[in-house]
Amino acid sequence: MERQHKRINSTKRRKLIAAYKLPGAPGKQPSLAINAEDDCNAAVVNNSVMSFAEGLSGLNREYIRKSYFLASSYVSDVLKIHRGTEAWYDEFIKVMISLGWLPVRSRFERVSHSGKGLSVQLAALNIIATMLASMSVSGPLITALPKLAADALEAMKQQPASFELFKRNSTMHQGGDFGLASCVEADGELTMVLVTYSTQSVSKQVGLPFLEWDSSSVEAFSGQTCLVLNTSVVNEKTIQLMRESAGDKVQLAIAKYRI
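**Q** How would you explain the packing of aromatic side chains if you had to name every residue and give the values?
**A** Overall, the coordinates contain nine aromatic pairs when judged by the stated rule. Centroid distance Tyr 68 to Phe 92: 5.3 Å. Interplanar angle 65°. Geometry classified as edge-to-face. Here the residue Tyr 68 occupies a position in helix H2 (residues 58–78), and Phe 92 occupies one in helix H3 (residues 86–98), the gap between them amounting to 24 residues. Here the two residues Tyr 68 and Phe 92 agree in accessibility, since each one is buried. Taking 5.2 Å as the distance between ring centres and 10° as the angle between the ring planes, the aromatic pair formed by Trp 88 and Phe 92 counts as stacked. Highlighted residues: Trp 88 and Phe 92, both in helix H3, separated by four residues, approximately one helical turn. We note that Trp 88, like Phe 92, is buried. Taken together, the ring pairs in this structure connect Phe 166, Phe 178, Tyr 197, Phe 210 and Trp 213 into an aromatic cluster.

Structure below.
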């Protein structure tokens, strides 16, 4: 079901960033400069794989990573809502709105069984392509996002630290849960196309990485959203507020790499 949302003004947003403090975050810290030489265009953030199209500044990439990390961690660690559920997805979207993102589309639904032999990875990538095809968005950068997501997944498998972080965070006792996000900047706006994919039943595919499971053999649910953010929201002050709310845990939950 589609959801309607409203923007939050900048003063209230700064207060909300400070309010979404994660357990153990030390509070106010010395300001650190953005690493201008950071050219990583992909990252594992908690249990999600994020990719960035050419042209995004280091400041914008950090805001995207930190906002996603803060929202997903807050819902899981503070609100204690189980990942992969509609309740988790709804609260995650609420926090993202507080951090400046506006969903132009948002839905959570059961995934129809795919044909036998179609992996979980391909099923999730197909959802991204289908969602973009059904939306009134256009342009070469937007249409390139499904391939960008696919390239980020394949590159991640060649990065041991990133792949281990992803496997550890995406595997659950009764299945798996992960997200795919591709991001682009155009006309003063950041756009994030995000798909979450989760299974909530015990799988017999023991020993296989979650991405390689046969999607037709599991019951799956997917959250699907396209989020936009005005780049005027992104500045050193909001980045610093996010760093203070995220705390040191962020260092262990984000693994950057290049595609």
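**Q** Tell me about the nonpolar core, and please be specific about residues and values.
**A** With 44 residues, the main nonpolar core has Met 50, Tyr 63, Ile 64, Phe 92, Leu 99, Trp 101 and Met 192 as its most contacted residues. It is H2 that contributes the most residues to this core, eight residues altogether. Once you skip the residues sitting within four places of it in the chain, Trp 101 turns out to touch Tyr 63, Ile 64, Ser 67, Met 96, Leu 190, Met 192, Leu 227, Val 228 and Leu 229. Residues Ile 128, Met 135, Leu 153 and Met 156 belong to the second largest nonpolar core, which totals 39 residues.

**Q** Which residues make up the pairing of strand E7 (residues 220–230), and what values do they have?
**A** On any regular strand, side chains alternate: one points to one face of the sheet, the next to the other face. Within E7, 10 of the 11 residues are buried, which leaves the element mostly enclosed by the surrounding structure. Where strand E6 (residues 189–199) lies against E7, 11 bridges are found, and the strand directions are antiparallel. Paired with Thr 199 across the strands is Ala 220, a residue of E7.

**Q** Tell me about the packing of H2 against H3, and name the residues and values.
**A** Relative orientation of the contacting elements H2 and H3 amounts to 135°, with a least axis distance of 9 Å. One element, H2, and the other, H3, form an angle in the oblique class. Handedness of the H2/H3 crossing: right-handed. Seen from H2, the contacting residues are Ser 67, Tyr 68, Ala 71, Ser 72, Tyr 74, Val 75 and Ser 76; seen from H3, they are Trp 88, Glu 91, Phe 92, Val 95 and Met 96. Split into classes, the residues belonging to the contact of H2 with H3 amount to eight nonpolar, three polar and one charged.

**Q** Can you tell me about the environment of Ala 181, naming the residues and giving the values?
**A** Among the structural elements, Ala 181 can be located in strand E5 (residues 175–186). Linking Ala 181 and Tyr 68, residues 113 residues apart in sequence, is a C-alpha distance of 9.8 Å. Ignoring sequence-local partners within four residues, the contact set of Ala 181 consists of Val 49, Met 50, Ser 51, Met 192, Val 193 and Leu 194.

**Q** Give a detailed account of the packing of H2 against helix H8 (residues 236–246), specifying residues and quantitative values.
**A** The interhelical angle for the contact between H2 and H8, taken along N-to-C directions, is 35°, at an axis separation of 10 Å. The chirality of how H2 crosses H8 is left-handed. Along the contact surface, H2 presents Leu 59, Glu 62, Tyr 63, Lys 66, Ser 67, Phe 69 and Leu 70, while H8 presents Glu 236, Thr 238, Ile 239, Met 242, Arg 243, Ser 245 and Ala 246. Split into classes, the residues belonging to the contact of H2 with H8 amount to seven nonpolar, three polar and four charged.

Cut-offs applied
- Residues numbered from 1 in each chain as written.
- Predicted model: local features only at pLDDT ≥ 70, side-chain atom pairs only at ≥ 80, totals over all residues.
- Heavy atoms only, no water.
- Phe/Tyr/Trp six-rings, centres within 6.5 Å; stacked < 30°, edge-to-face > 60°.
- Helix = DSSP H or I, 4+ residues; strand = E, 2+ residues; numbered from the N terminus.
- Buried < 20%, exposed > 50% of the residue type's maximum accessible area, 1.4 Å probe, protein only.
- Core = buried A, V, L, I, M, F, W, Y, C linked by side-chain atoms within 4.5 Å.
- Contact = heavy atoms within 4.5 Å.
- Pairing = 2+ DSSP bridges.
- Axes fitted to C-alpha atoms, helices over the stretch in contact; angles between N-to-C directions.
- Parallel < 35°, antiparallel > 145°, perpendicular 65-115°, else oblique.
- Left-handed = near helix turned anticlockwise from the far one by under 90°.
- Nonpolar A, V, L, I, M, F, W, Y, C, P; charged D, E, K, R; others polar.

Distances and angles like these do not, on their own, reveal function.
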